[in-house]
Amino acid sequence: MSDERENLTYELFGTAVRDLARAVAEDGFAPDMILSIARGGLFVAGGLGYALDVKNLHVLTSSPS
(Lines give C-alpha, C1' and ligand atoms only; values in the text may rest on other atoms or scores of the structure.)
Protein backbone atom coordinates (compact mmCIF):
# COMPACT_ATOMS: atom_id res chain seq x y z
CA MET A 1 0.00 0.00 0.00
CA SER A 2 1.25 3.47 -0.88
CA ASP A 3 1.81 6.14 1.76
CA GLU A 4 0.79 8.86 -0.71
CA ARG A 5 -2.42 10.73 0.05
CA GLU A 6 -4.48 13.09 -2.00
CA ASN A 7 -5.27 16.36 -0.26
CA LEU A 8 -8.85 17.35 -1.01
CA THR A 9 -9.22 21.08 -0.46
CA TYR A 10 -12.60 22.80 -0.09
CA GLU A 11 -12.07 24.35 -3.52
CA LEU A 12 -11.35 20.98 -5.16
CA PHE A 13 -14.28 19.39 -3.31
CA GLY A 14 -16.63 22.08 -4.64
CA THR A 15 -15.33 21.58 -8.17
CA ALA A 16 -15.75 17.80 -7.92
CA VAL A 17 -19.33 18.07 -6.62
CA ARG A 18 -20.26 20.56 -9.35
CA ASP A 19 -18.74 18.25 -11.98
CA LEU A 20 -20.73 15.32 -10.61
CA ALA A 21 -23.94 17.38 -10.53
CA ARG A 22 -23.30 18.54 -14.09
CA ALA A 23 -22.85 14.93 -15.25
CA VAL A 24 -26.11 13.92 -13.55
CA ALA A 25 -28.02 16.85 -15.09
CA GLU A 26 -26.54 16.34 -18.56
CA ASP A 27 -27.61 12.71 -18.44
CA GLY A 28 -31.17 13.94 -18.10
CA PHE A 29 -31.71 12.50 -14.63
CA ALA A 30 -33.71 14.73 -12.27
CA PRO A 31 -33.73 13.11 -8.82
CA ASP A 32 -36.66 13.60 -6.45
CA MET A 33 -34.44 12.87 -3.47
CA ILE A 34 -30.83 12.17 -2.54
CA LEU A 35 -29.94 9.30 -0.21
CA SER A 36 -26.69 9.74 1.67
CA ILE A 37 -24.56 7.23 3.55
CA ALA A 38 -23.57 8.87 6.83
CA ARG A 39 -19.97 7.64 6.75
CA GLY A 40 -18.48 9.96 4.17
CA GLY A 41 -21.49 10.86 2.04
CA LEU A 42 -23.12 13.71 3.92
CA PHE A 43 -21.07 16.52 2.41
CA VAL A 44 -21.39 15.16 -1.12
CA ALA A 45 -25.16 14.77 -0.71
CA GLY A 46 -25.46 18.32 0.59
CA GLY A 47 -23.44 19.69 -2.30
CA LEU A 48 -25.45 17.71 -4.83
CA GLY A 49 -28.67 18.86 -3.19
CA TYR A 50 -27.72 22.49 -3.66
CA ALA A 51 -26.34 22.02 -7.17
CA LEU A 52 -29.32 20.01 -8.42
CA ASP A 53 -31.91 21.97 -6.41
CA VAL A 54 -33.08 18.83 -4.58
CA LYS A 55 -34.52 19.67 -1.19
CA ASN A 56 -35.36 16.10 -0.16
CA LEU A 57 -32.19 14.62 1.40
CA HIS A 58 -32.16 11.46 3.49
CA VAL A 59 -29.38 9.91 5.56
CA LEU A 60 -28.72 6.24 6.08
CA THR A 61 -26.44 5.30 8.95
CA SER A 62 -24.30 2.22 8.98
CA SER A 63 -22.65 0.41 11.79
CA PRO A 64 -19.92 -2.22 11.73
CA SER A 65 -21.17 -5.76 12.13
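Shown above is the structure to which this text applies.
Below: a short report on this structure. Only a predicted model underlies this, so the values are computations on that prediction, with no experimental measurement involved. (Residues numbered from 1 in each chain as written. Predicted model: local features only at pLDDT ≥ 70, side-chain atom pairs only at ≥ 80, totals over all residues. Heavy atoms only, no water.)

### Details of a nonpolar patch on the surface
For step 1, the next point in the chain: Judged by side-chain polarity, Met33, Leu35, Ile37 and Leu60 come together as a nonpolar surface patch covering roughly 360 Å² of accessible area.
For step 2, the next point in the chain: Along the polypeptide, Met33 turns up in the loop between α1 (10-26) and β1 (34-37). (Patch = residues over 30% accessible without salt bridge, like charges linked within 9 Å, V, L, I, M, F, W, Y side chains within 5 Å. Areas by Shrake-Rupley, 256 points an atom, 1.4 Å probe, with all protein chains shown as cover. Salt bridge = Lys/Arg side-chain N within 4 Å of Asp/Glu carboxyl O. Helix = DSSP H or I, 4+ residues; strand = E, 2+ residues; numbered from the N terminus.)

### Considering the pairing of β1
Moving residue by residue along a regular strand, the side chains alternate between the two faces of the sheet.
For step 1, the next point in the chain: Alternating positions in β1 separate cleanly, Ile34 and Ser36 being buried on one face and Leu35 and Ile37 remaining unburied on the opposite face.
For step 2, the next point in the chain: As paired strands, β1 and strand β2 (residues 57-60) are joined by four bridges and run parallel to one another. Within the sheet, the bridge partner assigned to Ile34 lies in β2 and is Leu57. (Buried < 20%, exposed > 50% of the residue type's maximum accessible area, 1.4 Å probe, protein only. Pairing = 2+ DSSP bridges.)

### Considering the nonpolar core
The tendency in soluble globular proteins is for nonpolar side chains to be buried side by side.
For step 1, the next point in the chain: Judged by nonpolar contacts, Val17, Ala21, Ile34, Ala45, Leu48 and Val54 together constitute the single largest core of six residues.
For step 2, the next point in the chain: Elements supplying a minimum of two residues to this core: α1 and α2 (42-52).
For step 3, the next point in the chain: Beyond its immediate sequence surroundings of up to four residues, Val17 is in contact with Val44, Gly47 and Leu48. (Core = buried A, V, L, I, M, F, W, Y, C linked by side-chain atoms within 4.5 Å. Contact = heavy atoms within 4.5 Å.)

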